[in-house]
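The chain contents come next:
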Amino acid sequence: MRLILVRHGQTDWNLIKRIQSYTDVPLNDVGREQAHQVAIKLRDIKIDVIYSSPLSRAYESAKIIAKYHDGIKIIKEPAFTELNMGKWEGMFTKEAQLRIPECRQWLEDPFSVTPPLGESTSELKKRVISKLSQIIKSSHDKTICLVAHQMTNTIIKCHYQNLPFRWNLLPQNADWEEIIIR
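Residues numbered from 1 in each chain as written. Predicted model: local features only at pLDDT ≥ 70, side-chain atom pairs only at ≥ 80, totals over all residues. Heavy atoms only, no water.

**Q** Is there a simple way to explain the environment of Ser 56 in this structure?
**A** Structurally, the position occupied by Ser 56 is in helix α3 (residues 56-66). Judged by relative accessible area, which is 23%, Ser 56 ranks as partly exposed. Separated by 29 residues in sequence, Ser 56 and Leu 27 place their C-alpha atoms 7.5 Å apart. Filtering out sequence-adjacent residues up to four positions away, Ser 56 remains in contact with Asp 24, Val 25 and Pro 26. (Helix = DSSP H or I, 4+ residues; strand = E, 2+ residues; numbered from the N terminus. Buried < 20%, exposed > 50% of the residue type's maximum accessible area, 1.4 Å probe, protein only. Contact = heavy atoms within 4.5 Å.)

**Q** So what exactly am I meant to see when it comes to unusual backbone geometry here?
**A** Leave glycine aside and you will find that most residues have negative phi; peptide bonds, for their part, are mostly trans. In the Ramachandran plot, Asn 162 falls in the positive-phi region, its phi being about 55° despite a non-glycine side chain. Tracing the backbone through its elements, the reader meets Asn 162 in the loop between α7 (150-160) and β5 (176-180). Judged by its relative accessible area of 73%, Asn 162 falls in the exposed class. Phi is positive for Ala 174, close to 65°, though the residue is something other than glycine. With respect to the helices, strands and loops of the structure, Ala 174 is situated in the loop between α7 and β5.

**Q** When you look at the pattern of salt bridges in this model, what are you seeing that I'm missing?
**A** Pairs can form between side chains of opposite charge once their charged atoms are near each other. Scanning the entire structure with this criterion turns up eight salt bridges. Glu 178 is the salt-bridge partner of Arg 2, the closest N and O atoms lying 2.7 Å from each other. Taken together, the residues span a long stretch of sequence, with Arg 2 in strand β1 (residues 2-7) and Glu 178 in strand β5 at a distance of 176 residues. We classify Arg 2 as partly exposed; its relative accessible area is 29%. Taking the shortest distance from any N to any O, the salt bridge between Asp 48 and Lys 46 comes out at 2.4 Å. Take Asp 48: its relative accessible area is 29%, and that puts it in the partly exposed class. (Salt bridge = Lys/Arg side-chain N within 4 Å of Asp/Glu carboxyl O.)

**Q** Help me understand the packing of aromatic side chains in this model?
**A** Scanning all chains against the criterion turns up five aromatic pairs. Seen in terms of ring centroids, Tyr 51 and Phe 80 are 6.5 Å apart; in terms of plane orientation they differ by 85°. Their pairing is edge-to-face. Note that Tyr 51 is positioned in strand β2 (residues 49-52) and Phe 80 in the loop between β3 (74-76) and α4 (93-99), a separation of 29 residues in sequence. Judged by centre distance (6.1 Å) and plane angle (80°), the ring pair of Phe 111 and Phe 165 falls under edge-to-face. Taken together, the residues span a long stretch of sequence, with Phe 111 in the loop between α5 (101-108) and α6 (121-137) and Phe 165 in the loop between α7 and β5 at a distance of 54 residues. Taken together, the ring pairs in this structure connect Trp 88, Trp 106, Phe 111, Phe 165 and Trp 167 into an aromatic cluster. (Phe/Tyr/Trp six-rings, centres within 6.5 Å; stacked < 30°, edge-to-face > 60°.)

Given below as structure tokens:
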């Protein structure tokens, strides 16, 4: 099975470096253009179905990709929503790093700390891999495009490529890559 992982295009919060996870921040104009450029790169790949996080920044990116694939179905899947950052949500990244020791620790090892009222990275991994495993079982020899988020896509990449989690694996806005799953 071919899995094409796409991270959504840029939002205003990405631009000003605010922590965004469950907050439904839409794409900005740059993000829409980024999604369009990804769509052009993917237009010659036969995609059987697109799965998307239900958050508008991912879903709009998925809709832009779908324009190049006549009649393709987009399935909103809540399991592919970003890691819930709890009380850190909406903070500026630098502010959180300076003021919150647990946030600094999370940046050193995201599996060691759970954001207050948020979700652990292990919980994210369990939710994402569980749902994707179900999809894979029913999608032999198909090409699936999954449009989601930075941590979500990194967890998938690390799991299916047998890699330890590393920050340098995080995709930028509108990055995409293909993973072959056997």
